[in-house]
Amino acid sequence: MTSTAIRNLSVSQTVAEAIGIEMERDNKILVLGEDVGKIGGVFGATRTLQKRFGDKRVRDMPISEMAFTGMGVGLAMAGYRPLVEIMFVDFIGVCLEQVMNAMSKMPYMSSGNVKIPMVIKTAGGCIGSAAQHSQCLWGLFAHLPGMYVVAPSNPYDYKGLMASSLESDNPVIFIEHKALLLKKAVTFLNGGHVPEERYTLPLGKANVVQQGSDITLVTLSASVEYALEATQRLNNTSVEIIDLRSVVPLDIATVAVSVAKTGRLLVVDEDYLSFGLSGEVVTRVIETLGPSALKQVMRHAVPDVPIPAAKTLEEAVVPGITSIKNAIEDMVATS
């Protein structure tokens, strides 16, 4: 029987462990990307993998994202399960042709005869790195049909969702958050304890991380931690926090059950406000429950501006602990 030891691990440690377990389980899993081998990834999320599995399965690639993403598509078509790392999600534009017209469309265009069991692992989110290194972009990928889009919030979920992503026959965009990759293991408010054994979590199943009765707060990725801390600073307001875990599939059923109870919905999204996740969640909840079920709705997301370089200006436009607390208090004040 496998060990059930529980450890406090950082996200980068957890991701490396999860990939290593899956590579041991399935020799068709390969890792391709810039600095994923000898260096072990810019955040350490592929540490020790090249040493363990060799440079044929963990390959350092040149600065040519279009080429090695296309290589991943070809390997997936040939029966392998490539994990392709695009160092920062902001760089996805240089290989978007392979993502939006090859990886995502070939299963459909082949009537399911061609499978693309491929994961693109990439890092997004704001840590004071200016407009070209601070985006999340999960709304962009969700808008392009054919791919799962996963964005975990804590080490426990990272391990289980990475295992499920590498096991899936569907193409997956797996978006890590730079702030979570840099976060110390023992500081997680939720999901910081990671079992030693292999486990999976279902793709497309949200998690109610905090029960509440007054407001339903829906979010994902690093904003789950921010929301948990924000609600600890409130007085006399009970907030139910739902971690979506993925944008595609989008678990509206779990959200709808909560909103039917609270009657109030706040969507917090570190991606852009317009044409994105926040509007989609609100619309689908209304379609599910009917408009009369909601007494109050608010969206708290990045306004339609590039992320400023100055940290103080970034904090002014990106949802954080204080702004989430303020948004909740504004809802309470106007209810």
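This text gives an overview of the structure that appears in the document.

Definitions and cut-offs
All chains use their own residue numbering, which begins from 1 and follows the written sequence. Local features in this predicted model are restricted to residues of pLDDT 70 or higher, and side-chain atom pairs are both shown and tallied only at a pLDDT of 80 or more, whereas totals for entire chains, interfaces and linings draw on every residue. As a rule here, side-chain values come from all non-hydrogen atoms in the structure, and water together with hydrogens is ignored. Each residue is placed in one exposure class: buried if its accessible area under a 1.4 Å probe, protein chains only, is under 20% of its type's maximum, exposed if it is over 50%, and partly exposed if it falls in between. Secondary structure counts use DSSP, requiring at least four H or I residues in a row for a helix and at least two E residues in a row for a strand, with both numbered from the N terminus. DSSP calls a pair of strands paired once it identifies at least 2 bridges connecting them. A crossover gets the label right-handed when its path from the first strand over the helix to the second runs clockwise, viewed with the strands pointing away from the viewer. For every element, the axis is a line fit to its C-alpha atoms; helices are fit only across the contacting stretch, and the angle between N-to-C directions ranges from 0 to 180 degrees. Residue contacts are counted whenever heavy atoms from the two residues lie within 4.5 Å of one another. In this description, a nonpolar core means a group of buried Ala, Val, Leu, Ile, Met, Phe, Trp, Tyr and Cys residues linked to one another through side-chain atoms lying within 4.5 Å. Within 3.5 Å is the distance limit for a polar contact, defined as a pair of N or O atoms, with the added protein rule that one can donate a hydrogen and the other accept it, and that residues adjacent in sequence qualify only through two side-chain atoms. Two aromatic rings, drawn from Phe, Tyr or Trp (for Trp, its six-membered ring), form a pair once their centres lie within 6.5 Å of each other, and the interplanar angle then sorts them: stacked below 30 degrees, edge-to-face above 60, tilted otherwise. In what follows, salt bridge is the name for a side-chain nitrogen of Lys or Arg lying within 4 Å of a carboxyl oxygen of Asp or Glu.

What follows deals with the pairing of strand S10 (residues 215–219). For S10, the tally of buried residues reaches five of five residues, placing the bulk of the element in the interior. Here S10 shows a buried face lined by Ile-215, Leu-217 and Thr-219 and a second buried face lined by Thr-216 and Val-218. Direction of pairing for S10 relative to strand S11 (residues 239–243): parallel, over a ladder of five bridges. Opposite Leu-217, over in S11, you have Ile-241 as the bridge partner. Considered for its hand, the β-α-β crossover made up of S10, helix H9 (residues 222–232) and S11 is right-handed. When S10 meets strand S13 (residues 264–272), the two strands line up parallel, connected through three bridges. The partner of Thr-216 across the bridge, within S13, is Leu-265.

Spatially, the five strands line up as an open sheet ordered S9-S11-S10-S13-S14, and their pairing is mixed. On the outer flanks of this sheet lie strand S9 (207–210) and strand S14 (296–302), each paired with one strand and no other. This sheet shows a mean twist of 25° between the axes of neighbouring strands, independent of strand direction. Sitting on the sheet, H9 touches S9, S10, S11 and S13, and the angle it makes with S11 is about 170°. Against the sheet, helix H13 (residues 321–334) engages S10, S11, S13 and S14, with an angle of about 160° to S14.

A separate point is the pairing of strand S7 (residues 172–177). Within S7, six of the six residues are buried, which leaves the element mostly enclosed by the surrounding structure. Here S7 shows two buried faces, one formed by Val-172, Phe-174 and Glu-176 and the other by Ile-173, Ile-175 and His-177. Bridge count between strand S5 (residues 119–124) and S7: six bridges; the pairing is parallel. Along S7, the bridge assignment pairs Val-119 with Val-172. Sheet analysis places strand S6 (residues 148–150) next to S7, joined by three bridges and oriented parallel. Bridge pairing in S7 places Tyr-148 opposite Val-172.

Time to look at the nonpolar core. Taken as a class, soluble globular proteins show a tendency for nonpolar side chains to be buried jointly. One finds Phe-141, Leu-265 and Val-281 to be the most contacted residues of the largest nonpolar core, which totals 46 residues. Those residues within four positions of Leu-265 in sequence are excluded, and the remaining contacts are Thr-216, Val-218, Val-255, Val-259, Val-281, Val-282, Val-285, Leu-294, Gln-296, Val-297, Met-298 and Met-331. In terms of nonpolar packing, the next biggest core, distinct from the first, is built from 30 residues, Ala-45, Tyr-158, Leu-166 and Leu-181 among them.

What follows concerns the side chain of Thr-122. If you trace the backbone, Thr-122 turns up in strand S5. Within the structure, Thr-122 has its side chain in polar contact with the backbone nitrogen of Val-89 (distance 2.9 Å).

Moving on: the sheet that holds strand S2 (residues 29–33). The strand order across the open sheet formed by seven strands is S3-S2-S4-S5-S7-S6-S12, and the pairing between neighbours is mixed. Of all the strands in the sheet, just strand S3 (58–60) and strand S12 (246–248) have a single pairing partner and so form its edges. Put simply, the sheet's adjacent strands are angled 20° from each other on average, direction ignored. The strands that helix H1 (residues 11–25) touches are S2, S3, strand S4 (81–88), S5 and S7; relative to S2, the one it contacts most, it runs at about 135°.

Positionally, Glu-287 belongs in helix H11 (residues 277–289). With 28 residues separating them along the chain, Glu-287 and Val-259 place their C-alpha atoms 12 Å apart.

Now for the packing of aromatic side chains. On inspection of all chains with the given rule, the structure shows four aromatic pairs. A centroid spacing of 6.2 Å and a plane angle of 65° characterise the contact between Phe-43 and Phe-88, whose relative ring orientation is edge-to-face. Placement of Phe-43 in the loop between S2 and helix H2 (49–53) and of Phe-88 in strand S4 is noted, with a sequence separation of 45 residues between them. A relative accessible area of 14% places Phe-88 in the buried class. Residues Tyr-158 and Phe-174 carry aromatic rings whose centres are separated by 5.9 Å and whose planes lie at 65° to one another, so their mutual orientation is edge-to-face. On the criterion of sequence distance, the pair formed by Tyr-158 in helix H7 (residues 155–167) and Phe-174 in strand S7 is long-range, its members being 16 residues apart. Exposure remark for Phe-174: the relative accessible area of 0% places this residue in the buried category. Feature note: the residues Phe-43, Phe-88 and Phe-91 constitute an aromatic cluster, connected by ring pairs.

Glancing now at the pattern of salt bridges. Considering all chains together, one arrives at 19 salt bridges under this definition. When the shortest N-O distance is used, the salt bridge between Arg-198 and Glu-22 registers 2.7 Å. Taken together, the residues span a long stretch of sequence, with Arg-198 in the loop between strand S8 (193–195) and S9 and Glu-22 in helix H1 at a distance of 176 residues. Among the residues examined, Arg-198 registers a relative accessible area of 33% and is labelled partly exposed. Among the salt bridges present, the one from Glu-176 reaches Lys-121, with a minimum N-O distance of 3.2 Å.

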